[in-house]
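Understanding the architecture of this molecule
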Amino acid sequence: AEEFFLFFSNEINLADQFEATLHILEKENELGFGRVILFINSVLLANANDQVMGWIDSAGHFADAICFTHRENQNAAAISKCKERFETMRYPLETYVIGSKKPAPLSQILALTPRRISHIFDPPDLLDPEDSPQNDPYLARHPNGRRQKLITSPFCS
């Protein structure tokens, strides 16, 4: 089987990118979905404002795993705080600190076991109606077309 990696941009609305991915999966029956892996440059965490943390929370909603990169002594506490944040929210995602001293546990990171809060990529026959993509808090829309729960865009210029 061929495997593809789809990289999302932090400069384009995250909800729009997930919605577009859903449309592609609907049209292309031979495509399947593996995992959503969120990579966070840990240097950003030390001075992260509310908008950045809001974006991380939103991305974490869709993620199966978070990989923290660029760990340094100065940002170790910020990494721990971010990991604790998701544990407190009871997110089932996995967290990994990717360092330069030892190889990343790729088999664990790329494992196909879903660990995300969002059910948008789960088979429809396994979902309760409230778990459908249209009811995902970040994808649902008001009658005027605006999203019910907005994802901040701190990286857009």
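The residue numbering used here restarts from 1 in each chain and proceeds along that chain's sequence as written. At least 70 in pLDDT is required for a residue's local features to be given in this predicted model, at least 80 for side-chain atom pairs to be given and counted, and no such filter applies to totals for whole chains, interfaces and linings, which use all residues. Hydrogens are left out, water is left out, and the side-chain values use all remaining heavy atoms of the structure.

Right, let's talk about the packing of aromatic side chains for a bit. Think of it this way: a Phe, Tyr or Trp ring, Trp meaning its six-membered ring, pairs with another when their centres are within 6.5 Å, and the plane angle makes it stacked under 30 degrees, edge-to-face over 60, tilted otherwise. What the rule picks out here adds up to seven aromatic pairs. Ring centres of F8 and F18 lie 4.8 Å apart, and the angle between their planes is 75°; this geometry places the pair in the edge-to-face category. Of this pair, F8 sits in the segment before helix 1 (14-27) while F18 sits in helix 1; the two residues are ten residues apart in sequence, bridging distant segments of the chain. Take F8: its relative accessible area is 31%, and that puts it in the partly exposed class. Taking the centre distance of 5.3 Å and the plane angle of 55° together, the rings of F86 and Y91 count as tilted. The pair formed by F86 and Y91 is uniform in burial state, with each residue classed as buried. What links up through ring pairs into an aromatic cluster is the set F8, F18, F33, F62, F121 and Y138. The way it works is that DSSP assigns letters per residue, a run of H or I at least four long becomes a helix, a run of E at least two long becomes a strand, and they are numbered from the N terminus. Between buried and exposed lies partly exposed: a residue is buried under 20% and exposed over 50% of the maximum accessible area for its type, with that area taken using a 1.4 Å probe on protein chains only.

What follows covers the pattern of salt bridges. Each reported salt bridge corresponds to a side-chain nitrogen of Lys or Arg within 4 Å of a carboxyl oxygen of Asp or Glu. Under the criterion given, the structure shown has seven salt bridges. For R85, the salt bridge goes to D57, with nearest N and O atoms at 2.5 Å. Taken together, the residues R85 in helix 3 (residues 76-88) and D57 in helix 2 (residues 50-62) connect sequence positions 28 residues apart. Here D64 makes a salt bridge to R116, at a shortest N to O gap of 2.4 Å.

So, on to the nonpolar core. Take the buried residues of types Ala, Val, Leu, Ile, Met, Phe, Trp, Tyr and Cys, join any two whose side-chain atoms come within 4.5 Å, and each joined set is a nonpolar core. F18, L45 and I56 are the most contacted members of the largest nonpolar core, which has 28 residues in total. Sorting the residues of this core by element identifies helix 1, strand 1 (37-41), helix 2, strand 2 (65-69) and helix 3 as the ones contributing at least two each. Of the residues forming this core, the biggest block, six residues, is contributed by helix 2. Whether two residues are in contact is decided by their heavy atoms: any pair within 4.5 Å suffices. With near-sequence residues (within four places) excluded, F18 lies in contact with F8, V36, F62, I120, F121 and L139. Of all hydrophobic cores here, the second largest spans five residues; its members include A65, C67, Y96 and I109.

A few words on the sheet that holds strand 3 (residues 94-97). Two strands are counted as paired when DSSP detects at least two bridges linking them. Across the sheet, three strands lie side by side as 1-2-3; this open sheet has parallel pairing. Two strands lie at the open edges of the sheet, namely strand 1 and strand 3, each paired on one side alone. Along the sheet, successive strands turn relative to each other by an average axial angle of 20°, direction set aside. Across four bridges, the pairing between strand 2 and strand 3 is parallel. Directly across from A65, in strand 3, lies its bridge partner E94. Orientation is described by axes fitted as lines to C-alpha atoms, over the contacting stretch for helices, and by angles from 0 to 180 degrees between their N-to-C directions. On top of the sheet, helix 3 reaches strand 2 and strand 3; it is set at about 170° to strand 2, its chief contact.

This part covers the state of the cysteines. Cysteine sulfur atoms that pair up within 2.5 Å are treated as a disulfide. One pass over the full model with this rule turns up zero disulfides. Counting only cysteine sulfurs, C82 is the nearest neighbor of C67, a cysteine outside any disulfide, at a range of 12 Å.

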